[in-house]
There are 2 protein chains.
Amino acid sequence: MNAPDKFAQLLSLTRAPFPASRKIHVPGQVHAGLRVPMREVSLSNGESATLYDTSGPYTDPAADIDVRRGLEALRTPWIETRGDTEVYAGRAAQAVDDGTRRQDRDDPQDPEAQRIAALRAQAAGLQRTPRRANAGGNVTQMHYARRGIITPEMEYIALRENTKREWMAEYLGDAERAARVRGNPMGAQLPAFVTPEFVRDEVARGRAIIPANINHPEVEPMIIGRNFLVKINANIGNSAVTSSIEEEVEKLVWAIRWGADNVMDLSTGKNIHTTRDWIIRNSPVPIGTVPIYQALEKVGGVAEDLSWEIYRDTLIEQAEQGVDYFTIHAGVRLPFIPMTANRRTGIVSRGGSILAKWCMSHHKENFLYTHFEEICEIMKAYDVSFSLGDGLRPGSGADANDEAQFAELRTLGELTKIAWKHDVQTMIEGPGHVPMHMIQANMDEQLKHCHEAPFYTLGPLTIDIAPGYDHISSAIGAAMIGWFGTAMLCYVTPKEHLGLPDRNDVKQGIIAYKIAAHAADVAKGHPASRARDEALSKARFEFRWHDQFNLSLDPDTAREFHDETLPKEVSKVAHFCSMCGPKFCSMKISQEVREFAAQQGIAENAALDQGMQAKSAEFRESGSEIYIPIHKA
Amino acid sequence: MNAPDKFAQLLSLTRAPFPASRKIHVPGQVHAGLRVPMREVSLSNGESATLYDTSGPYTDPAADIDVRRGLEALRTPWIETRGDTEVYAGRAAQAVDDGTRRQDRDDPQDPEAQRIAALRAQAAGLQRTPRRANAGGNVTQMHYARRGIITPEMEYIALRENTKREWMAEYLGDAERAARVRGNPMGAQLPAFVTPEFVRDEVARGRAIIPANINHPEVEPMIIGRNFLVKINANIGNSAVTSSIEEEVEKLVWAIRWGADNVMDLSTGKNIHTTRDWIIRNSPVPIGTVPIYQALEKVGGVAEDLSWEIYRDTLIEQAEQGVDYFTIHAGVRLPFIPMTANRRTGIVSRGGSILAKWCMSHHKENFLYTHFEEICEIMKAYDVSFSLGDGLRPGSGADANDEAQFAELRTLGELTKIAWKHDVQTMIEGPGHVPMHMIQANMDEQLKHCHEAPFYTLGPLTIDIAPGYDHISSAIGAAMIGWFGTAMLCYVTPKEHLGLPDRNDVKQGIIAYKIAAHAADVAKGHPASRARDEALSKARFEFRWHDQFNLSLDPDTAREFHDETLPKEVSKVAHFCSMCGPKFCSMKISQEVREFAAQQGIAENAALDQGMQAKSAEFRESGSEIYIPIHKA
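Predicted, not measured: the structure shown is a model, and the values here were computed from it.

1. Details of the sheet that holds strand 1 (residues 21-27) of chain A
Residues and elements named next belong to chain A. Strand order in the open sheet made by the three strands is 1-2-3, with antiparallel pairing throughout. Either end of the sheet is taken by a strand with one partner, and the two such strands are strand 1 and strand 3 (48-51). Across the sheet, the mean angle from the axis of one strand to that of its neighbour is 35 degrees, orientation sign disregarded. Note that strand 1 and strand 2 (residues 35-42) share seven bridges and pair antiparallel.

2. Structural notes on the layout of surface pockets
What the largest pocket holds in volume is close to 670 Å³. Elements represented by at least two residues in the lining of the largest pocket include exactly helix 18 (503-524) and helix 21 (555-565) of chain A together with helix 17 (470-484), helix 18 (503-524) and helix 21 (555-565) of chain B. The class makeup of the residues in the lining of the largest pocket is seven nonpolar, ten polar and 13 charged.

3. Focus: the side chain of N233 of chain B
Residues and elements named next belong to chain B. Checked against the element boundaries, N233 lands in strand 8 (residues 231-236). Reaching out from N233, the side chain makes a polar contact with the side chain of N235 at a distance of 2.9 Å. A polar contact of 3.2 Å, which involves the side chain of N233, links it to the side chain of Y325. Ignoring sequence-local partners within four residues, the contact set of N233 consists of N262, V263, M264, Y325, Y456, M488, L489, C490 and Y491.

4. Considerations on the UniProt feature "binding site: Zn(2+)" (unreviewed entry) in chain A
In the numbering used here, UniProt assigns the "binding site: Zn(2+)" (unreviewed entry) feature to H433 and H497 of chain A. What stands out for the annotated residues spanning 65 residues is how close their C-alpha atoms remain, the widest pair being 12.2 Å apart. Along the chain, H433 of chain A falls in the loop between strand 13 (426-430) and helix 16 (439-449). Engagement of the side chain of H433 of chain A in a polar contact is seen with the backbone oxygen of G395 of chain A, the distance being 3.4 Å. In this structure, H497 of chain A sits in the loop between strand 15 (488-490) and helix 18. In this structure H497 of chain A touches H433, L461 and D470 of chain A together with R540, W545 and Q548 of chain B, once residues within four positions along its chain are discounted. Reaching out from H497 of chain A, the side chain makes a polar contact with the side chain of D470 of chain A at a distance of 3.0 Å.

5. Here we look at helix 14 (residues 372-382) of chain B
Residues and elements named next belong to chain B. For helix 14, the tally of buried residues reaches eight of eleven residues, placing the bulk of the element in the interior. For helix 14, the full list of buried residues reads F372, I375, C376, I378, M379, K380, A381 and Y382. If you follow the buried residues of helix 14, they end up packed against strand 5 (131-133), helix 11 (308-321), strand 11 (325-328), helix 13 (367-370), strand 12 (385-388) and helix 15 (403-421). One or two steps after helix 14, the chain reaches D383, where phi turns positive at roughly 60 degrees.

Reading guide: rules and limits
Residues numbered from 1 in each chain as written. Chains lettered and ligands numbered in written order. Predicted model: local features only at pLDDT ≥ 70, side-chain atom pairs only at ≥ 80, totals over all residues. Heavy atoms only, no water. Pairing = 2+ DSSP bridges. Helix = DSSP H or I, 4+ residues; strand = E, 2+ residues; numbered from the N terminus. Axes fitted to C-alpha atoms, helices over the stretch in contact; angles between N-to-C directions. 1 Å grid on protein atoms, 1.4 Å probe; cavity = no way out; pocket = protein on both sides within 12 Å on 5 of 7 lines; lining within 4 Å. Points joined across faces, edges and corners; volume = space filled by probe spheres on them. Nonpolar A, V, L, I, M, F, W, Y, C, P; charged D, E, K, R; others polar. Polar contact = N/O pair within 3.5 Å; in protein donor to acceptor, adjacent residues only side chain to side chain. Contact = heavy atoms within 4.5 Å. UniProt positions renumbered as here; feature names shortened; annotations may be inferred. Buried < 20%, exposed > 50% of the residue type's maximum accessible area, 1.4 Å probe, protein only.

Structure, rendered in structure tokens:
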């Protein structure tokens, strides 16, 4: 099968709309042209629910998509209207961009090399002519926000975060329930309704970022901040050992289908530049990278040969391609490196160890730290956001919250101040491996030293003995730190520590992290979070099986699991479940309780009542058989 | 395939010892004959680790096991030595014990019915002659404990909980690390070392229970209490819709292989009595049941036909068989039932709804509540423990922590006092579905109202939108409530709400709950918990791949996942992992950091040092190639 056929086949798997779902678009008001996509789920009782939708146009049957052409550039008119950018020739492509090492060079006799060459030629066509700020200009969303401007991106996000609150009202319960289950925001300031002005204000304060490079006009704007829905990131990327470009593009589409709000391309092998072209041009979600990975490839994998010049050139190369945020390990300072010497697991961040190696070899301060202001100048010309990397994060519970980790965190706080001086959007990366009782200290320290810049954590894993299941050991930590205030959770797949995630691993990691993020939203009391749980619970209680499946995070799996025990379609409308079987069902009986209490009028005074004796006989006559129709009363 | 062949095949799958592991036995000191089984894992560096082992003799190649004969009755000499019991004829078997409903009756023309009849005949042979306390006697572990007696069960447990602490010392780190990662016990009083006297004292106070019916002499004693390792329970059992006896026995063996400390047999279909015979006689872990399920079958599934007499007879039937604890929903009081009327999901506990239905139909107080002291008399004659059921637990986050739930919890606290008056061991069941921010209140209320009797919770699930993944949504809640003080976590499988768990679902549920329980132990600072994490992390850092796999919760899956990316055996000793490939590895570099810091002697004063410049050049000469042997320095 040739490459386009392979694409076509792969993409056909992931383009189907979700069951009983259709793509709707909410129009803007400040900016009339906006069309904010959401997923509307139709329920069998005539109701509907509107859900936040990360899947982009891929789940819209009306969208005409060709991965060789890339997605529609919806932000281009907004960017052009601002009139503060110029289109320019851009940096010339270099052979080194796709790796220079001898074993990575393409062999003209090798069919695989020919295939990659064809993809590279197509990618050159995909690449848009780059755009940058006019000389001396600043095009960051933070810059606009601080000048009081509500951009189309900000209004888009406000509408998106609200996900049509109207449908939710009836699920939020009476005053008793609302008071009982209301969240504990742990210091977050969640508005009842997200306005464009609220978005602007949060971005201006630095409490939220909108990762949206002006060279990634395909992006559907989203926000990362403690006072918004908790987001998740999925890592993809080829490596020196395995994977191909097509697989990575398909993984992107697959990842956003299941709910990835962001995707990081962590490719480390050859064809890094070409892979990224394909990914960005086809991505409706922000793409992050770790530029030091590509810079290292450019110097043949020898860390000590890295230089500021090579790194700077890589930043510009990637900024021109449209990367929305860069992980930059500028906090791995020379004096902190020896602090890791007595650790159980030393330095486990790949970027951290590259820079540690460079610092040790040259016995010089980290060049990312010493050139930080120059990096800010690049970031603001494209609106690339900082994701300040935690190169010294713990690689085991034993190393959690140690001096190396927190020394770096304090440095990231200092760098945040510098970035904000340039109006560059900034978030802070966090661990890693942290036992449950030590998680809150991470959030507290981050809030204290990083001035409320959004926190973006990897897990954390709460234990170390679960390789093969670290999506679970880390979802526990992720849910907790999300509740405490982390704005975005970087997923962990079942393959963590063991191998590269395949398609199914990506999905497993994403679902585990959607669970963690949603658990955090519910615990915080995000006003747009709980309605979905209530709608699904109501469907469950009323034996509306299809509605239960369709409102779930993964309708396919829910339906498939139900089919395994009760495969017949008739079971999907049956008033029983497989746990109890057709003769007896606890949910059925509790419906009778409701009818009983309503008949008795005893819901209010939950006390014994002698008069109930007579009613009891009456109930026994009318209600003692199991199969009363559900909607009888 | 006939039944014995099917057994033989199934059991052969689960009898293999874990890789690099052997069964060892630690001898008693107070009671010289004790042999407490543990699993010793041999590591490739010559070290070994000893792990708590729930798998029973099944993973001991030296054990001669025949499921048609049952396991060795290791406790019989202990029970006989106590001299306070009598062997007696026991209740006569009745046809009704395996269900009476017309459609459940065996058809003599049906081959399946013939197969079951053969199993039933064999089960009759399996059944031991029952034993009970001498007239007026009390044979509970609590009764002995309160009289100052350290039973063999108590010493067995003390040794088991310690899992040979000797090997752990070197993994616990220096004073800095020990202080930094020490747990937060949240009020638990974890001893540095578990003595038999400590076990006795905790049982006497009612803070821990030892589920060990005198008619289940095959059980390897274990303890459930806040000041011990957190335990997990796996539910198995056939239902009216699916499953067979053989499958359930095999699920038992499979469940304990992966770490189930307890198993509940929740069978609800036909052949309940026979299934339970097979399970108990082959179980080295305590078996719990919900007797109302079988009582309901005896009255043809009609809740209002239940009576105290039928229920009482069922308790004796099951006590004679050897069930170690009964879930008894005595707190579902009539006045609480209407409190559930406005819930989103009513009453979701099967036992709770059966009793609610009975109470409503008769308009009488729950007969389990009114006969509670008589139940205690039965419990103490066999040492069956109470698991006081939470029949009014919430079935959705919307119903969490409501008046119905907490009214029942307070009643369970009253009943605990009554049980303790009879020296009957008691634990308290808890929810269910609880958002993260509402979990701690459950533990606080339980401690406040139930006098520190062990808490035993189902999950709780933190959100409602993850059917198909509720092992994860609930592992989050389970880990948290385990940290807060819950003594045993009842697992949830991926099939929760959707269907009956198969073999793989059981494993997935157990591993998720081993993660939750271990995360809780680590967070509490249980002194026997962290060493395994450190040993695995050390193996990971030193690229001892096999050791990493073998110390993990599921060596098979860890190895299989590694094989998918790097299948060759040589990769298992390679000094790199699949994320970074052979050219660069962060763990490799951090080893160089350690050597560097050691050479420089700068670990102590983590400051810049001009003299390092010269050393830097030296390091660059000696250490800049990647493949220095790991153990060089």
